[in-house]
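# Examining the three-dimensional arrangement
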Amino acid sequence: MEKFVIRGGKPLAGSIRIAGSKNAVLPMLAATLLTRDVCTITNVPDILDVRNFLQILKNLGCEVSIKGGKVQIRAARLVSTRLDSRLGSSMRASVLLLGSLLARSGRVASPYPGGDLIGVRPIDVHVRAFRKLGASVVLRKRGLHIQTSKLRGAELFAESSVTGTENIVLAATTAAGRTVLKLAAQEPHVVELCRFLVAMGASIQGIGTHTLIIRGARRLRGASVRVIPDMLEAGSFAILAAATRSELRLRDVEHSHMDAVYHNLLEMGVPFDRAGSDLILHKPRQLTACTIRTGLYPNLATDLQPPFGVLATQARGTSIIHDWIFEGRLGYLKQLRRMGAKAQILDLHRALIEGPTKLGGATIESLDIRSGMTMVIAGLVATGKTIIVNTHNIDRGYEHLPERLQAIGADIQRIE
Ligand code: EPU
């Protein structure tokens, strides 16, 4: 099993290009099943979740070509409607293939989606919607079977679930008649999926709002799309710069997706400038404690709560964390405590962090994608040697992380 070994405690300098968004590209890959034509997706990040997703598509019969960040997929003839159980259960996003395969082939068999251990992560929103669209859903111990003779538009509630909204949209674009989807999620990756589907010939009104109206199209065609920059990567690297007191330039940032991150950085005393699509982080003089409260977009993404948590260990005063979205996203604080952080977990959703504290190297675990990145930031802040185990989590969502950090002066090695 691979580990990262970090010798931290020194400022970094240079620039990092922000990769394409993981949570935007995965639903787009699922959408390519809705047409027999070629779809071209550029700015695709080279991360484990994308590689595994493409392998699932190949197993289903898709022709896949990958050149740099350009991926072309042609789902002319599918050979299976059953998802590989190991790959399917390795990530949450495999759930998106339920909607697209159901729309394409009228049936799908799948393991329960896996991914980060950040809470219970039920799929009741997805299942209710498929049933209302006219599918039968059988839930077995080892997975689910869904089938339909014909999907028909309906009035549905997505309960602000991100992949729930995406799945319903994928299933409804070719369903007969009109689907009205209320309480839809508004995250930029949901918007980008809808725009891609419109380019493929789908009719979707209300994109970017909480109510989507979808009129079923008879046939979708191939289309091309460039994946938006990953706002979670941009947020993570901005926090990394502030926590290590570095001067860093982030390239290819979509500023309009960053309001909540910028608000929290300013609250904590992190100076920065924008120059075109670059974000320039300056060395903070003093970091100040603040309230880190997560929410639905455009509020602060739950995924950035753990990185902000490590920044709070370097800030003067008591920071309050309130993350109501998942009930397992504070576990990283136990790891940080082993490095010297003063963090009190109040309940499943709330914690207090007192700072500033000096962090010292330790052997710690990457619990999920975002807490893994958080451990890397902590290791770069800490004096001495930090060993991070379970790093495959980090590779699921961050492209070539050690190599990109080495380029800005970090002492981080990947070892077997
Ligand atoms: N929920 C239900 N029932 C459902 C679905 C969700 O009760 O059927 C609840 C969840 O338990 C949670 C809340 O609704 O309390 C929000 O979950 P949501 O469905 O929005 O999350 P998701 O779609 O499973 C996506 C991202 C996550 C990100 C969340 C929240 C992808 C592939 N995953 O997950 O990203 O944290 O939205 O924004 O888009 C990551 O990238 O590291 C990651 C975990």
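See the structure printed just above.
Note that the coordinates shown come from a computational prediction; the quantities given were computed from them, not determined experimentally.

## Describing the overall build of the chain
- Helix and strand content of the chain: 14 helices and 23 strands.
- Its C-alpha atoms give the chain principal-axis dimensions of about 60 × 45 × 40 Å.
- A buried classification covers 57% of the 416 residues belonging to the chain.
- Long-range pairs, those at least 24 residues apart, make up 71% of the contacts in the chain with a sequence separation of at least 6.
- Of the accessible surface of the chain, which amounts to about 16,400 Å², a share of 49% is contributed by carbon and sulfur atoms.

## Looking at the sheet that holds strand S13 (residues 224–226)
- Spatially, the four strands line up as an open sheet ordered S4-S5-S3-S13, and their pairing is mixed. Across the chains shown, the open sheet's two edge strands, defined by having one partner strand only, are strand S4 (63–67) and S13. Across the sheet, the mean angle separating the axes of adjacent strands is 15° when strand polarity is ignored.
- As paired elements, strand S3 (residues 38–42) and S13 share three bridges and run parallel to each other. Paired with Thr42 across the two strands is Arg226, which belongs to S13.

## Quick notes on the site of the ligand
- For the ligand, the set of nearby residues contains 23 residues, the closest of which are Ser161, Thr163, Asp303, Ile325 and Arg370.
- In isolation the ligand exposes 830 Å². Once the protein is present, 87% of that is buried.
- Only helix H1 (22–31), helix H5 (124–132), helix H6 (162–172) and helix H12 (369–381) provide two or more residues apiece to the shell around the ligand.
- Looking at the shell around the ligand element by element, the count peaks at three residues for H5.
- Looking at the shell around the ligand, its residues break down into nine nonpolar, six polar and eight charged.
- If you count residues domain by domain, the shell around the ligand takes at least three from each of domain 1 (3–18 + 229–415) and domain 2 (22–220).

## Describing the sheet that holds strand S1 (residues 3–8)
- With mixed pairing, the four strands of this open sheet are ordered in space as S21-S22-S1-S23. Only two strands of the sheet have a single partner each, and these edge strands are strand S21 (363–365) and strand S23 (411–415). Neighbouring strand axes in the sheet, compared pairwise and without regard to direction, differ in orientation by 25° on average.
- Where S1 lies against strand S22 (residues 384–389), six bridges are found, and the strand directions are antiparallel. Residue pairing for S22: Phe4 is matched across the bridge by Ile388.

The rules behind the values
- Residues numbered from 1 in each chain as written.
- Predicted model: local features only at pLDDT ≥ 70, side-chain atom pairs only at ≥ 80, totals over all residues.
- Heavy atoms only, no water.
- Helix = DSSP H or I, 4+ residues; strand = E, 2+ residues; numbered from the N terminus.
- Buried < 20%, exposed > 50% of the residue type's maximum accessible area, 1.4 Å probe, protein only.
- Contact = heavy atoms within 4.5 Å.
- Areas by Shrake-Rupley, 256 points an atom, 1.4 Å probe, with all protein chains shown as cover.
- Pairing = 2+ DSSP bridges.
- Axes fitted to C-alpha atoms, helices over the stretch in contact; angles between N-to-C directions.
- Near = heavy atom within 4 Å.
- Nonpolar A, V, L, I, M, F, W, Y, C, P; charged D, E, K, R; others polar.
- Domains from an automatic or database assignment.

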